[in-house]
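For reference, the chains in residue letters:
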Amino acid sequence: DPEFVAKLVEECEKVNRIVILQPWLEVQKKDESKDPEVYNGLAKIYVDNGTGKTAEKFLLENNLYNPAVVGKFCESRDPMLAVVAYKKAEGECDDQLIEVTNKNGFFKDQAKYLVVRENVDLWAKVLTEENKFRRELIDQVVATALPTAETAQQVSVTVKAFMSADLPNELIELLERLILHDTGVGREQFRNNKNLQNLLILTAIKADKARVMDYVNRLDNYEGPQIAKIASHPEHKLYDEAFFIYKKFGMGVEAIQVLLQCKEDIEKATDFAQTWDKPDVWVILGKAQLDAQMTKEAIGSFLKAEDPKYFEEVIFASKTGELFGDLIKFLIMARANLKNPMLDNELIYAYAKTEELGELEDFLNSKNNAKYPEIGERLFNEKLYLAAKIIYKFIKDNSKLALCYVHLNEFQNAVEAANDAGKIPVWKEVCFACVGSEEFKLAQRCAMHIIVYTNHLMELVMHYEYLGHFEQLIEVLEAGISLQRTHQGIFTQLGICYCKYKEEKLMQHIKDYWSRLNIPKLLQACRQHQKWLEVVHLYAYYSQHDNAIDTLMDHAAECWSHELFKKTVHQVSNSEMYYKAIEFYLEEKPLLVNDLCADLTPKLDHARVVTLVRRKGHVPLIKGYLLSVQSENNNILNEAINNLFFEEEDHKNLLKSVDTYPNFDQAALASVLKKHELLEFRRIAAHIYKMNKRFEESIELSKKDNMWDDAMKTAEVSADSALAESLLYFFVERKEYECFSACLYTCYELIKPDVVLELAWRNNLVDFVMPYMVQTFADYSTKMSTLFAKVAKLEEKLDDGEKKDGAEEENTGAILQTPLLITAGPGMMGGGMPQGPGMMGGPMGGQPPVGPGMMGGPPMGMGGPPPMGPGGPMMGGGAMPPPQGSPFFPQN
C-alpha cells in the first residue's frame, strides 16, 4: 500500500507515539527507501525528540522529505527549523517562509533568503506597501543581507526590486552601504561597480538632490556625460553638479554650455573660458555673447578662437549695433580663414560706413572675391553714394554711376554718365533729378531722349506737372515735336498741356496737327477742363459729328455759333440729331430755327418737324420753312400752314393754299372757318365745301352771308339742276331779281326753260327772263339746223343709190318721224319747244308750234297773263314746284 507509511505515521502521531516508529523508519532509510513519508516521519521524530542540531542537520542534508509538510510541523515546535525546511523547498514554500519569518521576527533570515533567492516577484510581494513588516525587512537587507551577498547578480536583483517598488531613499541607503561603506576585502567589485555608482547618483538625483554633489565628487567610476546630461535636465536643474561632472571629465564644451544655456551666467562662463582657454570654448562663449547682444565681447571671443564660423550673425549684430570698426577686425580675421564673397562685400560695406575710403580703394585694387554689383547696389540703396561712386567707377557701370552723381548733386557729370550709359531708366532718373533741382537745361537735354518713347513720355509729363513746372514742360514738348523720332504721343501731350496751362494755343494746335493727335485722349482732357469749342472741333476731325452736335447743344453758352452748328449738323450719321437740333433751337435760339430747318430741308421728315414744333407751340417760327416745302402737298404740312394763315387772318394766302394744296382735313378746316367772324373766312369755308362736292352746305353758307355770286358759282359747279332751280326760287323769294337774272346766266346749262318761264310768268319777271329765253331759242335753233343738215346729208346718200340694211333705214325713219324727241338742250326736260325766233308762237310772227303746244299745253299767246288764281291752269299744264316747296306755289 503506497499510503501505508503515511497512515502509520499519522496514527502514531495522533497518540503522540511516533517515536516508536523510529527504528523501523531508520531501517527503511538504510534500505535507501525513496518514500518521502519515511523521511517526513524521521524529520518529525528528530524535531520532537532529537536535539536542535540533529534536526537541523537532517533537514539540511536530506533531500527526500516534503518541506511543506515538515515545515508546517516545525512551525509550532521550532520556527527556525520550519525556516530551514521551507528553504529546502527551493521556492515552492516561499509564501510559508515569509509568513513564518514575519510571525516570529526572523527578518534577518528573510532578508538573506530573499537576496539569495533572486526572485523579482517574491521581492515585489514583500516590498509592497501592504506589508507592515517592510521597514524591518529593508533594514535587515541593508544592514546584513546585501553586504553578505556573494554575487553581483544577487545585488542587481535586489536593487531592481527596490527600484520597482519605488523606494528611492531605501535604495540610496542600500547603495551607499555597498559603495561607500563596505570596505571589506573582496568587496571592490561592488565599490567600483559602474552601474551601482550610476544608480546611486541617479537615484539621488531623483530622490535626494542634496547628496548628488557629494556623490559625483567622491565617486569616479560612473558615466559622467550621461549623468551630467540628466542632472542638467530642466526637470532636475542640478546645473552646478552637471558643470562639475563635465569639468571633472574634461568636457569643457559641455561645461560652458551648462553655464550658458542652463544657468545663463555669461560672466562665470567668461571666467571658465579664460581658465580653459581653448578655441571651441571661446566659440561657444562668443555665440552666447552674440545672442545676448554683447557684440563687442563676442567679436573679442571669436578673435581669440580665430574661428569665423558665425560670421553671418556677427555681421548682422555689428550692423545692428553700428560696430563697424570691430567688424572690420573680425572680417580681416575671417578672410584669412575663409573664402567667401560675403566677407569681402561686408568688408567693403564696413569701410564705407566708417568712411575709410582710402582703405576701400586699396581693397578694390587687391585680390578679393567681392561681388561689386551687389555691394554697389547695397551702398547706393543705403545712400552711401561716395563709396558707391568708387565701386561703380571701378567697374565702369555708367548707369549706376550717373545715379550716384545725381545724388551727389553733380548734375553735369550725371548727364555725361547717362549719355555713356544710353539707357532710358538712367535718362529718366537724371532728368527727374535735374527737374527737382531746377536744372532745366540739363533736364531738357535728358528729356529729348525720353519723350521719343511713348511708354515713358507720360511719366515725364507727370513728374513735371507734380513739381509745377508747366512752362518748362511745354518747352520740352514744343522742342520734341520737331524731333526726327517724334510721335503721336508728343503732339497729344502738348495739346493736353495747352488745354491745362495755355488754352490760347490749344485751338491752333488742334487745327495744325489734328491728323497727328490721339484725338480720344485729347478729347478727354478737353472735356475734363471744359474746353468745349475745342471738343467740338476734335469731334468733327474724328468724324464723330453726332457728339459734336451734342456738345454744341449741351454747352451752347461756351461754344455755340450758328454757322458752326449748321456746318456740323449736316455731317451727322444719326438722323435723330436733326430733330434734337431743332428742339435745341426752339429752346435756345428760336429766331434761327427757321433758318436751320431751311438748311436741313432735304434731310428732314417735314411731317415730323411740324409735329415736333407744334408740340412746342412754335409753329409760326418755321413759317418760311413750311412754305418752302409745301409743294410736297403733305397733309400735316398743309394743315400747319392753313392754321398759320387762319391765326394770322390771312384769307388770301389761306384761299391760295386751300386751292393749291388740297391734301388736308378739309372738313375740319371748313367747320372751323364757317364760324369765323370774318366774311372772307366763311367764304373760304363755302369754297371748301364746294371743293368737297358738299354743294348744298356751300350754297347755304353763301346764302347766309349774302354771297349770291358764290352761291351761283357753286350751283354751276355742282351740275345739279335741282340746286340751281332751288337757288332761283330762293332769289325770287328774296326778290333778288337781278341775282335771279344773273343766276340764269351762270347756271344756264342746268336750268329748265319751263321752270324759268313759269317763275317769270307767275312773278311778272318777263323782262328779267327775256335774255335767257332769247339765248335759249337761239341755241335750240342752231342745234336743230345742225341736226337737219345732217339728216339732209343722209337723204342725199340714199338718193345716190347707196343701199343700207333694214336696220339703218328704220333708224333713219325713226329719226325723221320723231324730231321733237331730240333733246333741245341742256336742262330741257318735257315737251317740245316751238321753232323759230318767236317766243311762244302766236302773233310774234314765228313759225307755228310743231307740237301740241309749248311744254305740252295748248298754244300760248302773248295776249295777257294767265289766270293767277290757285285754280287756274299751271304753265305747261303739269309743272310742279321744287320738292321743298315754295312760297309762290302753295301746297294743296
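Just above sits the structure.
These figures come from a predicted structure and were not determined experimentally.

All right, on to the overall build of the chain then. Within the chain one finds 55 helices and zero strands. Looking at the 892 residues of the chain, the share that counts as buried comes to 46%. In the chain, the proportion of contacts linking residues at least 24 apart, taken out of those at least 6 apart, comes to 54%. As displayed, the chain offers around 46100 Å² of accessible surface, 49% of which is attributable to carbon and sulfur atoms.

The subject of this paragraph is a negative patch on the surface. Taken together, the side chains of Glu-795, Glu-796, Asp-799 and Asp-800 make up a negatively charged region of the molecular surface. Within the secondary structure layout, Glu-796 lies in helix H54 (residues 766-799).

Our next topic: helix H35 (residues 506-513). The complete set of buried residues in H35 reads Leu-506, Met-507, His-509 and Ile-510. Considered in projection along H35, the buried side chains sweep an arc of 165° and stay on one side of the axis.

Right, let's talk about the packing of helix H48 (residues 679-691) against helix H49 (residues 695-704) for a bit. The packing of two helices is summarised by the inter-axis angle and the distance between the axes. Their axes nearest at 7 Å, the elements H48 and H49 cross at an angle of 160°. The orientation of H48 with respect to H49, classified from their angle, is roughly antiparallel. Classified by chirality, the crossing of H49 by H48 is left-handed. Residues Arg-682, Ala-685, Ala-686, His-687, Tyr-689 and Lys-690 of H48 touch H49, and the partners they reach there are Phe-695, Glu-697, Ser-698, Leu-701 and Ser-702. Considered class by class, the residues forming the contact of H48 with H49 number five nonpolar, three polar and three charged.

So, on to the state of the cysteines. Evaluated as defined, the whole model comprises zero disulfides. Of all cysteine sulfurs in the structure, the one in Cys-434 sits closest to Cys-446, which takes part in no disulfide; the separation is 5.0 Å.

Moving on, we come to the nonpolar core. Counting residues in hydrophobic clusters, the biggest one holds 179 residues, and the most contacted among them are Phe-565 and Ile-582. No other element matches the nine residues that helix H30 (residues 424-436) contributes to this core. Sequence-distant contacts of Phe-565, that is, excluding residues within four places in its chain, are made with Ile-549, Leu-552, Met-553, Trp-560, Ala-581, Phe-584, Tyr-585 and Leu-596. Val-38, Ala-55, Val-84 and Phe-162 belong to the second largest nonpolar core, which has 46 residues in total.

This next bit is on the environment of Gln-666. Of note, Gln-666 is situated in helix H47 (residues 666-673). Judged by relative accessible area, Gln-666 falls into the buried class, the value being 10%. Separated by 25 residues in sequence, Gln-666 and Met-691 have C-alpha atoms that sit 8.9 Å apart. Ignoring sequence-local partners within four residues, the contact set of Gln-666 consists of Ile-688, Met-691 and Asn-692. Within polar-contact distance, the side chain of Gln-666 engages the side chain of Asn-692 at 2.2 Å.

Quick look at the environment of Val-629 now. Checked against the element boundaries, Val-629 lands in helix H44 (residues 623-629). Between the alpha carbons of Val-629 and His-606 there is a distance of 7.8 Å; along the sequence they are 23 residues apart. Beyond its immediate stretch of four places on either side in the chain, Val-629 contacts Thr-601, His-606 and Leu-637.

Let us look at the pattern of salt bridges. For the structure on display, the rule yields 28 salt bridges. Between Lys-296 and Asp-326 there is a salt bridge; the shortest N-O distance is 3.2 Å. Placement of Lys-296 in helix H21 (residues 295-305) and of Asp-326 in helix H23 (residues 324-337) is noted, with a sequence separation of 30 residues between them. What makes Asp-326 buried here is its relative accessible area of 15%. Notably, a salt bridge pairs Arg-694 with Glu-697, separated by 2.7 Å at the nearest N-O pair. Residues participating in the shared-partner salt-bridge network are Lys-319, Glu-346, Arg-378 and Glu-382.

Parameters at a glance
Residues numbered from 1 in each chain as written. Predicted model: local features only at pLDDT ≥ 70, side-chain atom pairs only at ≥ 80, totals over all residues. Heavy atoms only, no water. Helix = DSSP H or I, 4+ residues; strand = E, 2+ residues; numbered from the N terminus. Buried < 20%, exposed > 50% of the residue type's maximum accessible area, 1.4 Å probe, protein only. Contact = heavy atoms within 4.5 Å. Areas by Shrake-Rupley, 256 points an atom, 1.4 Å probe, with all protein chains shown as cover. Patch = residues over 30% accessible without salt bridge, like charges linked within 9 Å, V, L, I, M, F, W, Y side chains within 5 Å. Salt bridge = Lys/Arg side-chain N within 4 Å of Asp/Glu carboxyl O. Lys, Arg positive; Asp, Glu negative; His and termini not counted. Charge placed at Lys NZ, Arg CZ, Asp CG, Glu CD. Arc of directions from axis to C-beta. Axes fitted to C-alpha atoms, helices over the stretch in contact; angles between N-to-C directions. Parallel < 35°, antiparallel > 145°, perpendicular 65-115°, else oblique. Left-handed = near helix turned anticlockwise from the far one by under 90°. Nonpolar A, V, L, I, M, F, W, Y, C, P; charged D, E, K, R; others polar. Disulfide = S-S within 2.5 Å. Core = buried A, V, L, I, M, F, W, Y, C linked by side-chain atoms within 4.5 Å. Polar contact = N/O pair within 3.5 Å; in protein donor to acceptor, adjacent residues only side chain to side chain.

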